[in-house]
Amino acid sequence: VREDGELEYLGRSDQQVKVRGFRIELGEIEAALGLKAGVKAAVVVARKDAHGETALVGYVVPEGSGPSASELREHLRTRLPEYMVPAQFVMLGALPLTENGKLDRRALPAPDQAGAPAAGALPSTRFEQVLSTVWSEALGRDVSVDENFFDAGGDSLKAIRVVGRLRETWGDKVQLTDLFAHPTIRALAAYLGADGSEPPTGPDREDERREGKARMEKRLERRRRGNS
């Protein structure tokens, strides 16, 4: 009941989830997926990812070959805000049902978190190896050098985490927009190495951390003096 006395329908409580502070109606995402050509049935649930964070997972029963995960993601982005776009999609031959013929959400399989990179798509340079390690930690699984970060389960929060890690190596040269512009390991490695530089390692990286910490301490000290 709203303050003006009117009733407001909020949907079934078991179909509402909260992800990163946003209250989401799962049925709204499922309805949007059902509008995509080649989708026979679709279900969306909220699951804990490898980092213990709640993420949306879309389960789709395609007609024939059906649309790809990237096509489903782009379709939803034209109809829903970014926070309602599932981080991962799982293709199924059929949705699991209970003995009564109802959807059995508990029987939906967990997204593959241990998939190995496709053959012939392993990191082949130092740049790619560094990126592969960081991406695998963020996504909770191995990623091929040609796999799109966002199609592999990446989202804006994971992208921020990845960029933060990469800045430990490349500094401010890496921007969040770079990951969106170059969403594969191969493409981002080529971009970062375009100037012929090598990723700094060992003592150089440690020196950068110490210098950054010293600069932060100086700024904090100036703020303390200014407030005193």
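The coordinates are above.
Residues numbered from 1 in each chain as written. Predicted model: local features only at pLDDT ≥ 70, side-chain atom pairs only at ≥ 80, totals over all residues. Heavy atoms only, no water.

**A word on the overall build of the protein**
Using the following cut-off: Working definition: helices are DSSP H or I runs of at least four residues, strands are E runs of at least two. Numbering for both runs from the N terminus. Only protein chains enter the area calculation, which uses a 1.4 Å probe; residues under 20% of their type maximum are buried, those over 50% are exposed, and those in between are partly exposed. By definition, residues are in contact when any of their heavy atoms lie within 4.5 Å.
In terms of helices and strands, the protein carries seven helices and five strands. Helices (α) and strands (β) of the protein occur, in sequence order from the N terminus, as β-β-α-β-β-α-β-α-α-α-α-α. Among the 228 residues that make up the protein, the fraction classed as buried is 34%. The contacts in the protein between residues at least 6 apart in sequence include a share of 57% that link residues at least 24 apart.

**Section: helix α6 (residues 185–192)**
Our working definition: Arc definition: it is the arc formed by the directions from the helix axis to the C-beta atoms.
Here α6 has its buried residues at Ile185, Leu188, Ala189 and Leu192. An end-on view of α6 places all buried positions within 100° of arc, on one side of the element.

**Some thoughts on a nonpolar patch on the surface**
Test applied: Every patch collects residues that have over 30% relative accessible area and no salt bridge, joining them within 9 Å if they carry like charges and within 5 Å if they are nonpolar side chains (Val, Leu, Ile, Met, Phe, Trp, Tyr). In this description, accessible areas are obtained by the Shrake-Rupley approach with a 1.4 Å probe, and a residue is regarded as covered only by the protein chains that are shown. Take a side-chain nitrogen of Lys or Arg and a carboxyl oxygen of Asp or Glu: if they are within 4 Å of each other, that pair is a salt bridge.
There is a patch of nonpolar side chains on the surface, built from Ile160, Leu176 and Phe180 and spanning about 280 Å² of accessible area. Tracing the sequence through the fold places Leu176 in helix α5 (residues 176–181).

**As for the packing of helix α3 (residues 126–139) against helix α4 (residues 156–170)**
Definition in use: Under this scheme, a helix contributes an axis fitted over its contacting stretch, all axes are lines through C-alpha atoms, and angles between N-to-C directions fall in the 0 to 180 degree range. Working rule for handedness: look at the near helix, and if it is turned counterclockwise from the far one by less than a right angle, call the crossing left-handed; if clockwise, right-handed. Just so you know the grouping, Ala, Val, Leu, Ile, Met, Phe, Trp, Tyr, Cys and Pro go in nonpolar, Asp, Glu, Lys and Arg go in charged, and all remaining residues, Gly too, go in polar.
Two numbers describe how α3 lies on α4: the axes approach to 10 Å, and their chain directions differ by 145°. Here α3 and α4 pass one another in a crossing that is right-handed. The residues of α4 that touch α3, namely those facing Phe127, Val130, Leu131, Val134, Trp135, Glu137, Ala138 and Leu139, are Lys158, Arg161, Val162, Arg165, Leu166, Thr169 and Trp170. In the contact of α3 with α4, the residues fall into ten nonpolar, one polar and four charged.

**A few points about the sheet that holds strand β3 (residues 39–48)**
To keep it simple, the criterion reads: Criterion used throughout: strands pair if DSSP finds at least two bridges between them.
What the three strands build is an open sheet, ordered β3-β4-β5; its pairing is mixed. In this open sheet, the two strands that pair with only one neighbour each are β3 and β5 (88–91). Each adjacent strand pair in this sheet contributes to an overall mean axis angle of 25°, direction not counted. Relative to β5, strand β4 (residues 54–62) is paired through four bridges, and the arrangement is parallel. Along β5, the bridge assignment pairs Val57 with Gln88. Those strands touched by helix α1 (residues 26–34) are β3, β4 and β5, and its axis lies near 150° from that of β3. Where helix α2 (residues 69–77) meets the sheet, its contacts fall on β3, β4 and β5, and the angle it forms with β5 comes to roughly 125°.

**Comments concerning the packing of α1 against α2**
To keep things clear, this is the line we draw: For classification, angles of less than 35 degrees are called roughly parallel, those exceeding 145 degrees roughly antiparallel, those between 65 and 115 degrees roughly perpendicular, and all remaining angles oblique.
Direction vectors running N to C along α1 and α2 enclose 115°, while the axes themselves pass 10 Å from each other. Judged by the inter-axis angle, α1 sits roughly perpendicular to α2. For the element pair α1 and α2, the recorded crossing hand is right-handed. On α2, the residues touching Ile29, Ala32 and Leu33 of α1 are Leu72, His75 and Leu76.

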